[in-house]
Amino acid sequence: MDNNDTLSAPQLAAKPRPAGLKLFMKKLVSQRMLVLMSVPFVIWLFIFKYVPVWGWTIAFQDYQPSLAFKEQQWVGFDHFRSLFSEDRFLISLRNTLAMSGINLVLGFVTAVSFALLLNEVRKVAFKRVVQTVSYLPHFISWVVAAGIIQTMLAPDGVVNELLKGFGMIEKGQEYLFLGKAEWFWGIFGASSVWKDVGWNTIVYLAAISSIDPAQYEAAEMDGAGRLRRMWYITLPGIKPVIIVLLIMNIGYLLESGFEPQYLLGNGMNAAYSENIDIFVLKYGLQQFNFPLATAAGMFKTVVSFILLFSANHIAKRLGQDRLF
Amino acid sequence: MANATASTRPARSPRRNSSLGDRVFDILNYVFLTLLMVVTLYPFLNTLAVSLNAASDSIKGGIHLWPRQFSSENYKFVFNEATIYNATLISVLRTVIGTLVTVFASAMVAYTISRQEYVLRKLVTIAFIITMYINGGLIPNYLLIRDLGLINSFWVYILPGIIGVFNLIIIRSFIEQLPESVIESARIDGAGDFRTFINIVFPLCLPVLATVALFTAVYQWNSWFDVFLYNSSNVKLSTLQYELQKILQNSNTTSSAETAFANSSAGAAVKVSPLSIRATMTIVAAVPMIVVYPFLQKYFVKGMTVGGVKG
């Protein structure tokens, strides 16, 4: 990743030695235009991205909105303790992990398979059409997607019609799909695949295009068929990309998304659809329990931070050492 | 991307002796991919058909790709509400203003951190990169917006998201690939950094800025959560996506009532139903994106690869 070299660089321009201070100030004055062009946005960054982190203090307080910061009662880790003894939070944690797990595995398997199949298409025009169609759902909002999914899954929707057509259910037995809590993960997984599988193939297709064509020719000479070439050349060729992306995605394990769960969720499926983000929203902004909600959000950010950093580190090491 | 993959083709395109297995594979592959396209598109077309079908008839089910009993009542109903015009205007405004502000600000900051001699370069870069890993989360952000007095204001759509780190990095990488001589020659002509940026760097960056603009525009057009969170009490600041979200939320809680509604004799007399309004509003909110998308698709894909290589 490009940004890591800037991160690991030890020398910080902001810490000039006393002797260099004068030089630093002189440079700063002569570069005042660059300063004017960037510093206002650093101030913006500070207000909108760093000040909220200060808001984490709420998680350690018996927060009263009417009181000033100094007057707040500090309670240590009490809110975190009650968070982890709260069934609803533990369920939302389970749902978060389950849904991002489903997304991870299903997303990878479908995107890689789809990329492999697309790569075997020789008619360029056909390939273009398939690509255009399959990227489309990525660009509609989750609101629109949820509208479509609800229409499809309604009792009088197409899926029930299909089941009736195959004789799997009788008229009058139509399923209320989004009302079946234990089906929610499946519906979520299928919806996510529908929305993003095409888009996710882009990076694999790019990786496939950098495989040396001579490898295919050699395999062909040896009499390897299409499936074999796919299995023994294309797949190993994109293996490094798959592994790096997999590791990077593990960094986002607590980010199971918010919109699909919120938009497709309802009272009937809450036990399976409610993830940490929805827990934060419900406790925080609907029940006004700011400390507990902030604690939950902070837990998510801190764990994600650790996961992301480890993932980045591992991915970088693998990339450099070419272990795979 | 499609071009890149296609370029490997000619080498192995003339099949000398494609075996029977290969041909079977080919046929199955085409059939499968065609089926996949159908599955992808079908939900859109089905929703469109439901939106164009008479509500009292849709309730019986069985609408597929074509309306059974054509009716424009649903659209008349949706466009009869004054809110939808205002919501469309707000959606367009936030998309246009948000995109312009993001593109200009991101390019400008990217330019400053691409200047190797800039003394604050590392500081500014690191300040931005840290925010990739840490964010305050929902509640602290909400409290900040509230304390800044941005609740019930249009600017809450623009201000919090002016510069994204990812955009900043891809634009910086792009600027760093420009020949230094171009910038140096502007300097020799006596142009300051701002003039160099406006007259030289900005126009040269248009390819990458187009990509950033597209992604920002999609993001702005599709957003609804900030409307819900900050401006839900002010219908004048509502957007198309949020109007749709409200309909979804309603029909979500009344989905069992919907079935009851279907069975009641009143159903036949009413011209619209929650189901048909939902489908119609979905189409209204989706159509601008679907119409624009095929023309811009290649720029999106280009942007993905730029990010993939350098990000």
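What you are looking at is a predicted structure, and each value in this text was computed from that prediction instead of being measured.

Enquirer: Help me understand the overall build of chain B, please; the structure alone is not making it clear to me.
Expert: When you go through chain B residue by residue, the secondary structure sums to 17 helices and zero strands. Per-residue burial over chain B gives 51% buried out of 311 residues.

Enquirer: Quick question: what am I supposed to make of the pattern of salt bridges here?
Expert: Charged atoms that come close allow side chains of opposite charge to pair. Within the structure shown, the criterion is met by 20 salt bridges over all chains. Between A:Arg122 and B:Asp26 there is a salt bridge whose closest N-O contact spans 3.2 Å. Taken together, the residues A:Arg122 in the loop between α5 (87-119) and α6 (124-139) and B:Asp26 in helix α3 (residues 20-51) connect one chain to another. Take A:Arg122: its relative accessible area is 25%, and that puts it in the partly exposed class. On the basis of relative accessibility, which here comes to 14%, the residue B:Asp26 falls in the buried class. Note that B:Lys246 and B:Glu243 form a salt bridge whose closest N and O atoms lie 3.2 Å from each other. Placement of both B:Lys246 and B:Glu243 in helix α14 (residues 240-253) is noted, with a separation of three residues, approximately one turn of the helix. Overall, the relative accessible area of 29% leaves B:Lys246 in the partly exposed class. You can call B:Glu243 buried: its relative accessible area is 13%. Here the salt bridges share partners, and the residues they tie into one network are B:Arg115, B:Glu117, B:Glu180, B:Glu184, B:Arg187 and B:Asp193.

Enquirer: I tried to follow unusual backbone geometry on my own but got confused; where do I start?
Expert: What you tend to see is this: most non-glycine residues have negative phi, and most peptide bonds are trans. The phi angle at A:Phe288 is positive, at roughly 55°, despite the residue not being glycine. Topologically, A:Phe288 is positioned in the loop between α14 (276-286) and α15 (290-321). On the basis of relative accessible area, A:Phe288 is assigned to the exposed category, the value being 59%. Here the phi dihedral of B:Asn152 falls at roughly 60°; this positive angle occurs in a residue that is not glycine. Topologically, B:Asn152 is positioned in the loop between α8 (138-147) and α9 (165-177).

Enquirer: Can you walk me through empty space enclosed by the protein in this structure?
Expert: If a probe the size of a water molecule is rolled over the atoms, the empty space left behind becomes visible. Evaluated as defined, the whole model comprises six cavities of 30 Å³ or more. Taken as a whole, the second largest cavity encloses approximately 70 Å³ of empty space. Together, A:Thr151, A:Asp156, A:Gly157, A:Val158, B:Asn46, B:Val50, B:Ser58, B:Gly62, B:Ile63 and B:Leu275 line the second largest cavity. The residue makeup of the lining of the second largest cavity, split by class, is four nonpolar, five polar and one charged.

Enquirer: Any chance you could explain the interface of chain B and chain A here in plain terms?
Expert: Taken residue by residue, the interface counts 118 residues in chain B and 111 residues in chain A. Across the interface of chain B and chain A, roughly 10,400 Å² is buried in total on both sides, 71% from carbon and sulfur atoms. The interface formed by chain B and chain A holds 20 residue pairs in polar contact (both at pLDDT 80 or more) in total. Of all the elements, α3(B) adds the most residues to the side of chain B that touches chain A, at 19 residues. Classifying every residue of the side of chain B that touches chain A gives 70 nonpolar, 32 polar and 16 charged.

Enquirer: Can you help me understand the layout of surface pockets in this one?
Expert: Quantified by volume, the second largest pocket comes out at close to 780 Å³. In terms of lining residues, the second largest pocket is bounded by 30 residues, among which A:Ala190, A:Trp194, B:Val39, B:Thr40 and B:Pro43 are the most central. Looking at the lining of the second largest pocket, the elements that each hand over two or more residues are α5, α6, α7 (142-153), α8 (158-165) and α9 (184-209) of chain A together with α3 of chain B. Residue classes in the lining of the second largest pocket are distributed as 23 nonpolar, seven polar and no charged.

Enquirer: Please clarify how the packing of helix α3 (residues 32-54) of chain A against α8(B) should be interpreted in this entry.
Expert: Packed helix pairs are specified by the crossing angle of their axes together with the interaxial distance, meaning the distance between the axes. Running from amino to carboxyl end, α3(A) crosses α8(B) at an angle of 130°, the nearest separation of the two axes being 9 Å. Between α3(A) and α8(B), the angle falls in the class oblique. Along this stretch, α3(A) crosses α8(B), giving a crossing that reads as right-handed. Of the residues in α8(B), those touching α3(A) at A:Ile47, A:Phe48, A:Val51 and A:Pro52 are B:Pro140, B:Asn141, B:Leu144 and B:Ile145. Along the lines of polarity and charge, the residues of the contact of α3(A) with α8(B) split into seven nonpolar, one polar and no charged.

So, how was this worked out
- Residues numbered from 1 in each chain as written.
- Chains lettered and ligands numbered in written order.
- Predicted model: local features only at pLDDT ≥ 70, side-chain atom pairs only at ≥ 80, totals over all residues.
- Heavy atoms only, no water.
- Helix = DSSP H or I, 4+ residues; strand = E, 2+ residues; numbered from the N terminus.
- Buried < 20%, exposed > 50% of the residue type's maximum accessible area, 1.4 Å probe, protein only.
- Salt bridge = Lys/Arg side-chain N within 4 Å of Asp/Glu carboxyl O.
- 1 Å grid on protein atoms, 1.4 Å probe; cavity = no way out; pocket = protein on both sides within 12 Å on 5 of 7 lines; lining within 4 Å.
- Points joined across faces, edges and corners; volume = space filled by probe spheres on them.
- Nonpolar A, V, L, I, M, F, W, Y, C, P; charged D, E, K, R; others polar.
- Contact = heavy atoms within 4.5 Å.
- Buried area = accessible area lost by both parts, 1.4 Å probe.
- Polar contact = N/O pair within 3.5 Å; in protein donor to acceptor, adjacent residues only side chain to side chain.
- Axes fitted to C-alpha atoms, helices over the stretch in contact; angles between N-to-C directions.
- Parallel < 35°, antiparallel > 145°, perpendicular 65-115°, else oblique.
- Left-handed = near helix turned anticlockwise from the far one by under 90°.

On their own, these measurements won't tell you what the molecule is for.
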